[in-house]
Amino acid sequence: MNAPFKPVESSIGGPSRRDVVVASALVGGSLLVGCSPADIMSAGSKVEVGAFGPFIKIAPDGVVTVISKHVEFGQGNHAGLAAIVAEELDADWTKVQVEQAPANAKLYANGALGAQLTGGSSAISNSWDQLRRAGAGARAMFVQATANRWNVPVGEITVKDSVVTHTSGKTATFGDLLADAAKVPAPTDVKLKDPKTFTLIGTDRVRRKDAQAKSDGTARYTQDVRLPDMLTAVVAHAPRFGTKVKSFGAAEAKKVAGVVDVFEIPTGVAVVAQNTFAARMGREALKLEWDEDKAEKRGSAAIAQLFNDVAAGKNTETKWEPFDQRGDATALNSAKGANVFETTYEFPYLAHATMEPMNCVASVDGNKVKMVFGSQGQTLDQLAAAKIVGCLPGSVEIETLFAGGSFGRRANFQSDYVAECVHIAKKVGKGRPVKLVWTREDDMQAGYFRPLTVHAVKVQLDKDGYPAAWRHRIVSQSIMKGSPMPAGKGPDQTAIEGTAGSPYLKATPIVDAQVALPDVGVPVLWWRSVGATHTAFVMEHTIDQLAAKAGKDPIEYRRALYTKAGADRHLAALNLAVEKAGPKAAAGWTRGVAVHESFGSVVAQVAEVKVENGTPRVGRVVTAIDCGVAVSPDQIAAQMEGGTCYGLSGFLFGEVTLTDGKVDQSNFDTYRVLRINEAPTVETNIVPSGNPPSGVGEPGTPVIGPAVANALLALNKTATTRLPFVRSEN
């Protein structure tokens, strides 16, 4: 996901009047004066910073601990973050470990997102300069301490693998010098290494730091938390979105052995018990009646029809917002003929389907709150808890654990499952810990989803077969509407990213691109690679169809458009992927190509596809990525593999449907995902670059879908205009 959480600041740099009012409301009416937004969000925090700053701790035995402000939920960012520090510190890589940062927006805010929040493929890119400076600063402190102790110039001192050496041959370890180095004032300006001198970054030595713990079972997840006197809770959610509890009967639920209490919270009815089984049995015994006056009762088919009508101009009630307009496209509206291409694409709702469903452990004692779980957005979760309990946001203590996947789901403006846990823990009170457990069915049916989206595209080709005029209409729900984040200029970027700024539009003289965001009662959220999940497919599959219409090779067609648009990075990634793929596909396989930029990185893929029993099967995927400096090539390859398989799973099978407002899918038996034997071989090639690192975790997801569609287009001359490729029977 990629959305900036940035409270609006006044022109003099302090908090706006609105910020002060919000903060006042969050902390129960207290007034904070003269605070920055980060001060407000971290108000009440008691996090202590050591001698080497907020990101580095060094033990007497020389072990270097890198403090990560980004949660680790499978993407492997800890390795890259640790390597950035270790490179500039010249630390012994075998003695470097990683620890999750406490919740404190002032110290650990993601500069790209404005809050302590992991998302938008920004962990490495956001931390690049920050952690380099932290490592270089600590190194300078050890060098100065050595110079002071030995009475020698700093220019005569070198550092390698946590050992400080003087030109005379005299040496000392970080452990030997720790006390002295801790007394040296932290430098205000540091000299960073020339990337050409890197000895760790960019090498195969940068491997995951969490692999051992996750292999031997010592890694700690929320479900592993066992605290004295802890209770377990589940929540009965409404079957339709927008529904409230009308009444409930708890008598039978309380008869279940192990059930401790049953009570209403804002999102449903909570059952609190001694264990998960008792809580679930108690929930099944509840007598519930729902108030559905404001419920969303439309099915997904009706919503899709509405969106198609809006895209076709048949619904005049929905407002259109332009996001790219150049030249006069009036004539294109009525244009017909052999040089005009027109089509509509439809994308379904998608579930995040993380391997670990939502869960949280919280304890509330008066206005003291402590939470233990895999928090993706610590600042969002602190603000939600503070509002419920009536305390300073920064005083909400969060111990961040590993999480079993997220794909955007664990970070939302409402902190939905986190807020539920805090409400329950507040009711239980007296600091007694409560573990909230969402079942797979809760996770699948209680929201949130990738928005259902419709694209309508009309393109007029010039005499040479290239786009002369491009009309584009996107209809989707807004992820950002109603959020606490400022809207900024223009429409919701999460709906248009990937179409807006496309090199294909840049290469087209006349463009009329607009977006409409109808209100629908289905809760939506960013899904891995957000808007690119549909825009990449539309742009790349359209290009192959335009190339076919013009009688041109799709690769050469792209090269011509990239050259015209000045898209050098797209061209380089395409050329590398095509080169590494070789001259032709294996016998019985057909190739498709796609290229897309998201989160600052450009990914090109060549997919080899064949159809087996009516289902597309992907065998080999050759990937090229331009992601700036490759901190950990091994992890980049892993992310391209994971992103490709996750994207392929969604494009092949992913579909959430609603009947009369109720979600049809409930588990992996009805929400089909990619199986191990269906996973392709993914070959990753990195485009050499001296630019700062850009995103890796998400850019591999959106490209595989159009690459497969383009292979099928080459195979059977049929375009794919409605996803998934394999439709469910619901």
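So, how was this worked out
- Residues numbered from 1 in each chain as written.
- Predicted model: local features only at pLDDT ≥ 70, side-chain atom pairs only at ≥ 80, totals over all residues.
- Heavy atoms only, no water.
- Axes fitted to C-alpha atoms, helices over the stretch in contact; angles between N-to-C directions.
- Helix = DSSP H or I, 4+ residues; strand = E, 2+ residues; numbered from the N terminus.
- Parallel < 35°, antiparallel > 145°, perpendicular 65-115°, else oblique.
- Contact = heavy atoms within 4.5 Å.
- Nonpolar A, V, L, I, M, F, W, Y, C, P; charged D, E, K, R; others polar.
- Pairing = 2+ DSSP bridges.
- Salt bridge = Lys/Arg side-chain N within 4 Å of Asp/Glu carboxyl O.
- Buried < 20%, exposed > 50% of the residue type's maximum accessible area, 1.4 Å probe, protein only.
- Core = buried A, V, L, I, M, F, W, Y, C linked by side-chain atoms within 4.5 Å.
- Expected span 1.5 Å × (residues − 1).
- Arc of directions from axis to C-beta.
- Phe/Tyr/Trp six-rings, centres within 6.5 Å; stacked < 30°, edge-to-face > 60°.
- Lys NZ or Arg CZ within 6 Å of the ring centre and 35° of its normal.
- Right-handed = clockwise from strand over helix to strand, strands pointing away.
- Polar contact = N/O pair within 3.5 Å; in protein donor to acceptor, adjacent residues only side chain to side chain.
- Left-handed = near helix turned anticlockwise from the far one by under 90°.

1. Examining the packing of helix α20 (residues 633-652) against helix α21 (residues 704-716)
Thought 1: It is the contact of α20 with α21, at a shortest axis distance of 8 Å, that shows an interaxial angle of 60°. One element, α20, and the other, α21, form an angle in the oblique class. Contacts between α20 and α21 involve T644, G647, L648 and F651 from the first element and I704, G705, P706 and V708 from the second.
Thought 2: Classifying every residue of the contact of α20 with α21 gives five nonpolar, three polar and no charged.

2. Regarding the sheet that holds strand β24 (residues 601-612)
Thought 1: Taken together, the four strands give an open sheet; going across it, the order is β23-β24-β25-β28, and neighbouring strands pair in mixed fashion. Of all the strands in the sheet, just β23 (590-598) and β28 (681-686) have a single pairing partner and so form its edges. Across the sheet, the axes of successive neighbouring strands diverge by a mean angle of 20°, strand direction being ignored.
Thought 2: In the sheet, strand β25 (residues 615-626) pairs with β28 via six bridges, with the strands oriented parallel. Bridging across to β28, V622 finds its partner in E683.
Thought 3: Together, β23, β24 and β25 form the strand contacts of α21, whose direction differs from that of β23 by roughly 150°.

3. Here we look at the pattern of salt bridges
Pairing between side chains of opposite charge can happen when their charged atoms approach one another.
Thought 1: As enumerated under the stated definition, the model contains 40 salt bridges in all.
Thought 2: Note that R409 is salt-bridged to D416, the shortest N-O span being 2.7 Å.
Thought 3: R409 sits in the buried class, given a relative accessible area of 1%.
Thought 4: Since its relative accessible area comes to 12%, D416 is described here as buried.

4. So, the nonpolar core
Thought 1: W470, F537, L546, Y557, V708 and F725 are the most contacted members of the largest nonpolar core, which has 70 residues in total.
Thought 2: What F537 contacts, discounting residues up to four positions off in sequence, is Y345, F347, A532, T542, F651, G705, P706, A709, T720, L723 and F725.
Thought 3: I67, A91, L178 and F198 belong to the second largest nonpolar core, which has 47 residues in total.

5. Quick word on helix α19 (residues 568-581)
Thought 1: Taking 1.5 Å as the rise per residue, α19 with 14 residues should run 20 Å; its terminal C-alpha atoms sit 20 Å apart, in good agreement.
Thought 2: Within the span of α19, buried status applies to H570, A573, L574, L576, A577 and A581. The buried residues of α19 occupy one face: seen down the axis, they fall within an arc of 165°. Of the residues in α19, the exposed ones pointing more than 90 degrees away from the buried face are D568 and E579.
Thought 3: Turning to α19, the residues buried within the fold contact α16 (503-506), α18 (554-565), β23, β24, β25 and β28.
Thought 4: Where α19 terminates, the next one or two residues include G582, which has phi positive at roughly 90°.

6. A look at the packing of aromatic side chains
Thought 1: All told, the structure shown has 17 aromatic pairs when counted by the stated rule.
Thought 2: Between F55 and Y108 the ring centres are 5.5 Å apart and the planes differ by 85°, which places this aromatic pair in the edge-to-face class. Placement of F55 in the loop between α2 (37-42) and β1 (56-58) and of Y108 in helix α4 (residues 105-108) is noted, with a sequence separation of 53 residues between them.
Thought 3: Given the relative accessible area of 4%, Y108 is considered buried.
Thought 4: With a centroid separation of 5.7 Å and 20° between ring planes, the pair formed by Y504 and Y562 is classed as stacked. Of this pair, Y504 sits in helix α16 while Y562 sits in helix α18; the two residues are 58 residues apart in sequence, bridging distant segments of the chain. Side by side, Y504 and Y562 carry an identical accessibility label, which is buried.
Thought 5: One cation-aromatic arrangement involves K427 over F263; the distance from NZ or CZ to the ring centre is 5.8 Å.
Thought 6: Across the ring face of F653, the terminal group of R672 is positioned such that the distance to the ring centre comes to 3.9 Å.

7. Quick word on the pairing of strand β3 (residues 96-100)
Thought 1: Pairing of strand β2 (residues 64-68) with β3 involves five bridges; the strand directions are parallel. Note that in β3 the partner of V66 across the bridge is V98.
Thought 2: After leaving β2, the chain enters helix α3 (residues 77-89) and then returns to the sheet as β3, a path that is right-handed.

8. Side note on the side chain of E72
Thought 1: Summarising the element assignment, E72 is placed in the loop between β2 and α3.
Thought 2: In terms of polar contacts, E72 uses its side chain to reach the side chain of K214, at 3.0 Å.
Thought 3: When residues no more than four places from it in sequence are discounted, the contact partners of E72 are N77, H78, Q100, R208, D210, K214, F402 and A403.

9. A closer look at the sheet that holds strand β6 (residues 171-173)
Thought 1: Strand order across the open sheet formed by three strands is β4-β5-β6, with antiparallel pairing between neighbours. Edge positions in the sheet fall to β4 (157-160) and β6, since each has one partner strand and no second. Within this sheet the neighbouring strands show an average axis-to-axis angle of 20°, counted without direction.
Thought 2: Of the strand pairs in this sheet, strand β5 (residues 163-166) and β6 are connected by three bridges, and their pairing is antiparallel. Along β6, the bridge assignment pairs V164 with A172.

10. Describing helix α6 (residues 174-183)
Thought 1: Of the positions making up α6, those classed as buried are F174, L177, L178 and A181. End-on view of α6: buried residues confined to an arc of 145°, all on one side of the axis. Within α6, the exposed residues directed more than 90 degrees away from the buried face are A179 and K183.

11. So, the packing of α18 against α19
Thought 1: Taken N-terminus to C-terminus, the directions of α18 and α19 make an angle of 155°; their axes are 9 Å apart at the nearest point. The angle between α18 and α19 places the two elements in the roughly antiparallel class. As for how α18 packs across α19, the hand of that crossing is left-handed. Note on element contacts: α19 touches α18 through H570, L571, L574, N575 and V578, opposite I555, R558, R559, Y562 and T563.
Thought 2: In terms of residue class, the contact of α18 with α19 is built from five nonpolar, three polar and two charged.

Read these as layout, nothing more, since geometry by itself doesn't imply function.
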